[in-house]
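Chain by chain, the residues:
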Amino acid sequence: MFITAGILCVYCCKSKEYIPSKPELEIASSHWPDVTVQSLKEGYRLYTVNCVRCHELYKPLEYSESDWIEIIPGMARKAHLDSKQEEKICCYILSKREAESRQASKNK
């Protein structure tokens with residue numbers, strides 16, 4: 001029983017690697033010309049590691065773009081992140097949000 005639970009926990013708790021989609025990268029590049037796959041991955045990592053310390057992780061579509069632009073700077077200060085880290089989170093969230101929004105529109 002314990003072995004099964006341990007194996008299940010290792011399988012389920014293993015962190016999933018985030019790989020930006022092509023639309024996310026294209027969107028991010030149109031707003032931030034120097035963005036890379038690695039910087040989007042870093043934005044995701046910063047978001048999932050730091051933000052969860054105080055609250056649940058919100059899906060990018062849960063807030064409007066303008067809401068995120070207002071929310072992220074204050075939360076970054078509370079998490080003691082520097083401006084480059086804040087920008088990476090912003091880039092990740094906003095490009096992910098726009099890609100998901102476009103996909104949702106196509107699915108209607």
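What this report covers is the structure whose coordinates are included nearby. Every value quoted in this text rests on a predicted model; they were computed, and no experiment measured them.

Remarks on the overall build of the chain
Next, step 1: Scanning the chain from N- to C-terminus turns up five helices and zero strands.
Next, step 2: Starting at the N terminus, the α and β elements of the chain follow one another as α-α-α-α-α.
Next, step 3: Counting over 108 residues, the chain shows a buried share of 28%.
Next, step 4: Long-range contacts, defined here as pairs at least 24 residues apart, represent 62% of the contacts in the chain between residues at least 6 apart.
Next, step 5: As presented, the chain carries roughly 7800 Å² of accessible surface, and 57% of it is formed by carbon and sulfur atoms.

Regarding the side chain of Arg-97
Next, step 1: Considering the arrangement of structural elements, one finds Arg-97 in helix H5 (residues 83–106).
Next, step 2: Here Arg-97 occupies a buried position and makes no salt bridge, while the nearest side chain of opposite charge, Glu-65, is found at 5.5 Å.
Next, step 3: When neighbours within four sequence positions are excluded, Arg-97 is seen to be in contact with Pro-60, Leu-61, Tyr-63, Ser-64, Glu-65 and Trp-68.

Focus: the packing of helix H4 (residues 65–78) against H5
Next, step 1: Orientation of H4 relative to H5, taken along the N-to-C sense of each, is 155°, at an axis distance of 10 Å. Considering the angle they form, H4 stands roughly antiparallel to H5. In this structure, the crossing between H4 and H5 has a hand that is right-handed. Contacts between H4 and H5 pair Glu-65, Trp-68, Ile-69, Ile-72, Pro-73 and Ala-76 from the former with Glu-86, Ile-89, Cys-90, Ile-93, Leu-94 and Arg-97 from the latter.
Next, step 2: In terms of residue class, the contact of H4 with H5 is built from nine nonpolar, no polar and three charged.

Remarks on H4
Next, step 1: In this model H4 runs 20 Å from its N-terminal to its C-terminal C-alpha over 14 residues, within 8% of the 20 Å that 1.5 Å per residue would give.
Next, step 2: Bending of H4 peaks at approximately 25° at the position of Ile-71, with proline Pro-73 no more than four residues after it.
Next, step 3: Within H4, the full set of buried residues consists of Trp-68, Ile-72, Gly-74 and Ala-76.
Next, step 4: Among the structural elements, helix H3 (37–50) and H5 are those in contact with the buried residues of H4.
Next, step 5: One or two positions beyond H4, positive phi appears at His-80, with a value near 60°.

Some details on the layout of surface pockets
Next, step 1: By volume, the largest pocket is sized at about 290 Å³.
Next, step 2: Considering the residues around the largest pocket, the lining is formed by 17 residues, among which Asn-50, Cys-51, His-55, Met-75 and Ala-76 are closest to the centre.
Next, step 3: When residues of the lining of the largest pocket are assigned to their parent elements, the largest contribution, six residues, is made by H4.

Scoring rules and cut-offs
- Residues numbered from 1 in each chain as written.
- Predicted model: local features only at pLDDT ≥ 70, side-chain atom pairs only at ≥ 80, totals over all residues.
- Heavy atoms only, no water.
- Helix = DSSP H or I, 4+ residues; strand = E, 2+ residues; numbered from the N terminus.
- Buried < 20%, exposed > 50% of the residue type's maximum accessible area, 1.4 Å probe, protein only.
- Contact = heavy atoms within 4.5 Å.
- Areas by Shrake-Rupley, 256 points an atom, 1.4 Å probe, with all protein chains shown as cover.
- Lys, Arg positive; Asp, Glu negative; His and termini not counted.
- Salt bridge = Lys/Arg side-chain N within 4 Å of Asp/Glu carboxyl O.
- Axes fitted to C-alpha atoms, helices over the stretch in contact; angles between N-to-C directions.
- Parallel < 35°, antiparallel > 145°, perpendicular 65-115°, else oblique.
- Left-handed = near helix turned anticlockwise from the far one by under 90°.
- Nonpolar A, V, L, I, M, F, W, Y, C, P; charged D, E, K, R; others polar.
- Expected span 1.5 Å × (residues − 1).
- Bend = angle between axes of the 7 residues up to and from the residue.
- 1 Å grid on protein atoms, 1.4 Å probe; cavity = no way out; pocket = protein on both sides within 12 Å on 5 of 7 lines; lining within 4 Å.
- Points joined across faces, edges and corners; volume = space filled by probe spheres on them.

Remember that the coordinates give geometry; whether it matters functionally is a separate question.
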